[in-house]
Amino acid sequence: MSVKAKSYPPAPQHLRAACAHPSGHLTSHGSRATLQVYLDDGLVYRNDGDDFRLPAELAQAQGVGPYVITGAGRRAILNDSQLAAVDSADEDGALRDVSWPTAAALARLALVEYRDADGAPQPTDGDDGRTGPKHRPFLTPAGVDAARAAKSQP
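Throughout what follows, the structure given in this document is the object of discussion. Values in this document were obtained by computation on a predicted structure and should not be read as measured data.

### So, helix α5 (residues 80–87)
Next up, step 1: Within α5, the full set of buried residues consists of Gln82, Leu83, Ala85 and Val86. Relative to the axis of α5, the buried residues are bounded by an arc of 160° and lie together on one face.

Put into structure tokens, the structure is as follows:
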């Protein structure tokens, strides 16, 4: 009797680390097969020597520089409440009616930043445990990229 190996989806911890990386770089990816799945699914990309995005089938052999997470890659690691929050942002990027755990998780992934009433970025929501949050979550450029990826999907 032979046992067929079960196929598992790529490990999201690699994509989570890339999402949180300041430049979106995939710092580890496990096996070459996992990396190829990321490339084939459009979750990451790699450029050639002229800084043009390579097709997935050439990226490992001919690419130069780091692998970079895409908006689709950022979306792939989000749960339903995080996706709903990113997709419901206003035109100015403000998140409305988002729970603090969801906003905090998105901030850890560099998809959201907190801003004060003057629009200046703040490190946290400013909640001191007594008065509630003082700063609102807004999408970062990476968060906007993740939101746009939803619009480009069929």
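After presenting the structure, the write-up continues.
### Notes on the packing of α5 against helix α6 (residues 100–108)
Next up, step 1: It is at 10 Å that the axes of α5 and α6 come closest, and there the two elements cross at 80°. Judged by the inter-axis angle, α5 sits roughly perpendicular to α6. Residue-level contacts link Ser81, Gln82, Ala85 and Val86 of α5 to Thr102, Ala105 and Leu106 of α6.
Next up, step 2: Split by residue class, the contact of α5 with α6 holds four nonpolar, three polar and no charged.

### Digging into unusual backbone geometry
Next up, step 1: Positive phi, normally seen in glycine, also occurs at aspartate 51, with a value near 70°.
Next up, step 2: Following the sequence through the fold, aspartate 51 ends up in the loop between β1 (44–47) and α3 (56–62).

Calculation notes
- Residues numbered from 1 in each chain as written.
- Predicted model: local features only at pLDDT ≥ 70, side-chain atom pairs only at ≥ 80, totals over all residues.
- Heavy atoms only, no water.
- Buried < 20%, exposed > 50% of the residue type's maximum accessible area, 1.4 Å probe, protein only.
- Helix = DSSP H or I, 4+ residues; strand = E, 2+ residues; numbered from the N terminus.
- Arc of directions from axis to C-beta.
- Axes fitted to C-alpha atoms, helices over the stretch in contact; angles between N-to-C directions.
- Parallel < 35°, antiparallel > 145°, perpendicular 65-115°, else oblique.
- Contact = heavy atoms within 4.5 Å.
- Nonpolar A, V, L, I, M, F, W, Y, C, P; charged D, E, K, R; others polar.

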